[in-house]
Amino acid sequence: GQQVMQIPQYQHVQEGEDFTTYCNSSTTLSNIQWYKQRPGGHPVFLIQLVKSGEVKKQKRLTFQFGEAKKNSSLHITATQTTDVGTYFCGAGNNRKLIWGLGTSLAVNP
Amino acid sequence: DVKVTQSSRYLVKRTGEKVFLECVQDMDHENMFWYRQDPGLGLRLIYFSYDVKMKEKGDIPEGYSVSREKKERFSLILESASTNQTSMYLCASSLPGGPQHHFGDGTRLSIL
C-alpha cells in the first residue's frame, strides 16, 4: 500500500539554527498535511497542501509540496525552544491519512 | 473549536481484562479514528469509522474491536488485554471532505 517516508527521524539543533523535515512517497499524493506534537501532547494540525509546487508560510515555518506531488518539506527558520516537538506529515488517502513516522526536534537554548 | 474528549488520561488494567476506551466529539464529524502511538513507530491506525455503525479495519486491528452506536461516540474495546497493548491511544475525528484530524488528549494505557 501507499507509504510515506519521513526523514530525519531525529534532529538536534542550537537555538537560532534552521530545521527541515522531509516526506517522500513513491506515488503521487492528493494532498499532504503537517502536524506538530509537543512533548506530552497530541498532534495538532498545522497546514494542508494540495497543489503541485505549492508553498505556504506560517511565520517562521515554510511548507512546500513538490512539483510531482510526491514529496513535501517543512522548514523552520531560526528555531526557538518553543519549536520542540515531533513533526508529522500525513498524506490524504480517501477518508484516512497515511502517516510518516515523524521527526523529533530538540532545540538547545 | 472542535472538542474531542477521551474518557481517561491514564488507565491501568490487568492482563485478560476487557477494556473500554471512550471518545466523544462535539462537532458532528462523520469520520472517527483510533490510533496507537509507540516510540519510533509513529501513529498506527487501529480502526476507523465513517458513519454510525460503520467501521473499517486499519493497519493493526488484531486484539481490538470498536463500536459506534451514535455519531459523536467511538469506543475502542480490548477484548482480552495483553501486555503488548500497553501504549498511548489517540482518538481523532474529521469531516468527510476535509481529512484534517482533530485529536483528543490521548489515553496512556498500561496493562500489567
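Since the model is a prediction, treat every value here as computed from it, not as a measurement.

A. Region of interest: the interface of chain B and chain A. Taken together, the 19 residues of chain B in the interface contact 16 residues of chain A. In total, chain B and chain A occlude about 1,600 Å² of area from one another, counting both sides; carbon and sulfur atoms represent 59% of this. In this structure, the connection of chain B to chain A is made through five residue pairs in polar contact (both at pLDDT 80 or more). Per-element accounting of the side of chain B that touches chain A gives the leading share, five residues, to strand β5 (residues 42-51) of chain B. Split into classes, the residues belonging to the side of chain B that touches chain A amount to 10 nonpolar, seven polar and two charged.

B. Summary view of the sheet that holds strand β7 (residues 64-70) of chain B. Residues and elements named next belong to chain B. Strand order in this open sheet of four strands is β1-β3-β8-β7, and the pairing throughout is antiparallel. Edge positions in the sheet fall to β1 (4-6) and β7, since each has one partner strand and no second. Within this sheet the neighbouring strands show an average axis-to-axis angle of 20°, counted without direction. Direction of pairing for β7 relative to strand β8 (residues 73-78): antiparallel, over a ladder of five bridges. The partner of Ser-65 across the bridge, within β8, is Ile-77.

C. Examining the pairing of strand β3 (residues 19-24) of chain A more closely. Residue and element names in this part refer to chain A. Bridge count for strand β1 (residues 5-7) against β3 is three bridges, and the pairing is antiparallel. Its bridge partner lying in β3, Met-5 is registered against Asn-24. Where β3 lies against strand β8 (residues 71-76), six bridges are found, and the strand directions are antiparallel. Opposite Cys-23, over in β8, you have Ser-72 as the bridge partner.

D. Spatial organisation of the nonpolar core. Ranked by size, the top nonpolar core spans 21 residues in total, and within it A:Ile32, A:Trp34 and A:Phe63 carry the most contacts. When contributions to this core are tallied by element, the ones reaching two or more residues are β3, β4 (32-37), β5 (44-49), β7 (61-65), β8, β9 (85-93) and β11 (103-108) of chain A. Apart from the residues within four sequence positions on either side, A:Phe63 is in contact with A:Trp34, A:Leu46, A:Ile47, A:Leu49, A:Glu54, A:Val55, A:Lys56, A:Gln58, A:Ser73 and A:Leu74. The next biggest cluster of nonpolar side chains, apart from the first, holds 20 residues, and it includes B:Val4, B:Ile60, B:Val66 and B:Leu78.

E. Seen up close, the side chain of B:Gln85. Residue and element names in this part refer to chain B. Positionally, Gln-85 belongs in the loop between β8 and β9 (87-94). Classification of Gln-85 by relative accessible area gives buried; the value is 4%. What Gln-85 contacts, discounting residues up to four positions off in sequence, is Arg-36, Glu-62, Gly-63, Tyr-64, Leu-78, Ser-80, Leu-109 and Ile-111.

F. Spotlight on the pattern of salt bridges. Residues and elements named next belong to chain B. The tally for this structure, following the rule as stated, stands at nine salt bridges over all chains. Close ionic contact of Arg-73 with Glu-22 constitutes a salt bridge, the shortest N to O distance being 4.0 Å. One end of the pair, Arg-73, is in strand β8; the other, Glu-22, is in strand β3 (residues 19-25), and 51 residues separate them in sequence. Judged by relative accessible area, which is 38%, Arg-73 ranks as partly exposed. The partly exposed category is assigned to Glu-22, whose relative accessible area is 23%. Each of Asp-28, Glu-30 and Lys-71 takes part in a single network of salt bridges with overlapping partners.

Conventions we followed
- Residues numbered from 1 in each chain as written.
- Chains lettered and ligands numbered in written order.
- Predicted model: local features only at pLDDT ≥ 70, side-chain atom pairs only at ≥ 80, totals over all residues.
- Heavy atoms only, no water.
- Contact = heavy atoms within 4.5 Å.
- Buried area = accessible area lost by both parts, 1.4 Å probe.
- Polar contact = N/O pair within 3.5 Å; in protein donor to acceptor, adjacent residues only side chain to side chain.
- Helix = DSSP H or I, 4+ residues; strand = E, 2+ residues; numbered from the N terminus.
- Nonpolar A, V, L, I, M, F, W, Y, C, P; charged D, E, K, R; others polar.
- Pairing = 2+ DSSP bridges.
- Axes fitted to C-alpha atoms, helices over the stretch in contact; angles between N-to-C directions.
- Core = buried A, V, L, I, M, F, W, Y, C linked by side-chain atoms within 4.5 Å.
- Buried < 20%, exposed > 50% of the residue type's maximum accessible area, 1.4 Å probe, protein only.
- Salt bridge = Lys/Arg side-chain N within 4 Å of Asp/Glu carboxyl O.

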